[in-house]
Amino acid sequence: MTTRSGIMPYVTGGLSSAKVSNSFATSNGANICTEVNRKEDAWGWNVGGGVEVKVAKKLSIGARYLYTRYNAGDYRVDVGAGTAPATNPFRITPSGGASINRGDKFDTQSVMATSSFRF
């Protein structure tokens, strides 16, 4: 459906899925680092909007913005004492270790330019 002016604004939304692959690298050789929940499937949602403009009888151009949020789970790196001295920041915690958490959300934003030709 197009309007008389040939401009069609729209909104969009839906469900999304992604394969999330986390990784961790460190130059810290004194502590022991263990990754937890490194890879997983993530489900989420997206919402956005755009506009399409008719520029010729069979040609239109447009732009779209899309925001997506994935619930990616709890990826973390557990850090243990290893051979670190007692003054090491990871050893002076009450448990003698710590965790580095990424969080459970992963957001993306995208802007796309489009063109359509009708035969």
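Structure's up top.
Bear in mind that the values here come from a model prediction, so they are computed numbers and not experimental data. (Residues numbered from 1 in each chain as written. Predicted model: local features only at pLDDT ≥ 70, side-chain atom pairs only at ≥ 80, totals over all residues. Heavy atoms only, no water.)

1. Re the side chain of Ser 16
Condition: Numbering of helices and strands runs from the N terminus, with a helix taken as a DSSP run of H or I at least four residues long and a strand as a DSSP run of E at least two residues long. Three labels apply to residues, based on accessible area from a 1.4 Å probe with only protein chains included: buried if under 20% of the type maximum, exposed if over 50%, partly exposed otherwise in between. Residues adjacent in sequence count toward polar contacts only when both atoms are side-chain atoms; beyond that, a polar contact is any pair of N or O atoms within 3.5 Å, and within protein one must be able to donate a hydrogen and the other to accept it. Any pair of residues with heavy atoms lying within 4.5 Å of one another is described as a contacting pair.
Following the sequence through the fold, Ser 16 ends up in strand S1 (residues 7–21). Residue Ser 16 is classed as buried on the basis of its relative accessible area of 10%. In terms of polar contacts, Ser 16 uses its side chain to reach the side chain of Asn 46, at 2.6 Å. Among residues more than four places away in sequence, those in contact with Ser 16 are Ala 42, Trp 43, Gly 44, Trp 45, Asn 46, Thr 68 and Tyr 70.

2. Looking at the side chain of Ser 60
Within the secondary structure, Ser 60 is located in strand S4 (residues 59–80). With a relative accessible area of 2%, Ser 60 lands in the buried category. Side-chain polar atoms of Ser 60 contact the side chain of Glu 52, separated by 2.5 Å. One polar contact links Ser 60 to Arg 118, side chain to side chain, over a distance of 3.3 Å. Filtering out sequence-adjacent residues up to four positions away, Ser 60 remains in contact with Glu 52, Val 53, Lys 54, Val 55, Thr 114, Ser 115, Ser 116 and Arg 118.

3. Some words on the pattern of salt bridges
Side chains carrying opposite charge are able to pair once their charged atoms draw close together. The cut-off we apply is this: Salt-bridge detection follows one rule: a side-chain nitrogen of Lys or Arg within 4 Å of a carboxyl oxygen of Asp or Glu.
Using the criterion set out here, one finds two salt bridges in the structure. With a closest N to O distance of 2.9 Å, Asp 41 and Lys 19 form a salt bridge. One end of the pair, Asp 41, is in strand S3 (residues 39–54); the other, Lys 19, is in strand S1, and 22 residues separate them in sequence. Note that Asp 107 and Arg 69 form a salt bridge whose closest N and O atoms lie 2.8 Å from each other. Taken as a pair, Asp 107 in strand S5 (residues 98–117) and Arg 69 in strand S4 lie far apart in primary sequence, 38 residues in all. Residue Asp 107 is classed as partly exposed on the basis of its relative accessible area, which comes to 36%. Overall, Arg 69 belongs to the partly exposed group, its relative accessible area being 24%.

Functional significance is not addressed by these values, which are geometric in nature.
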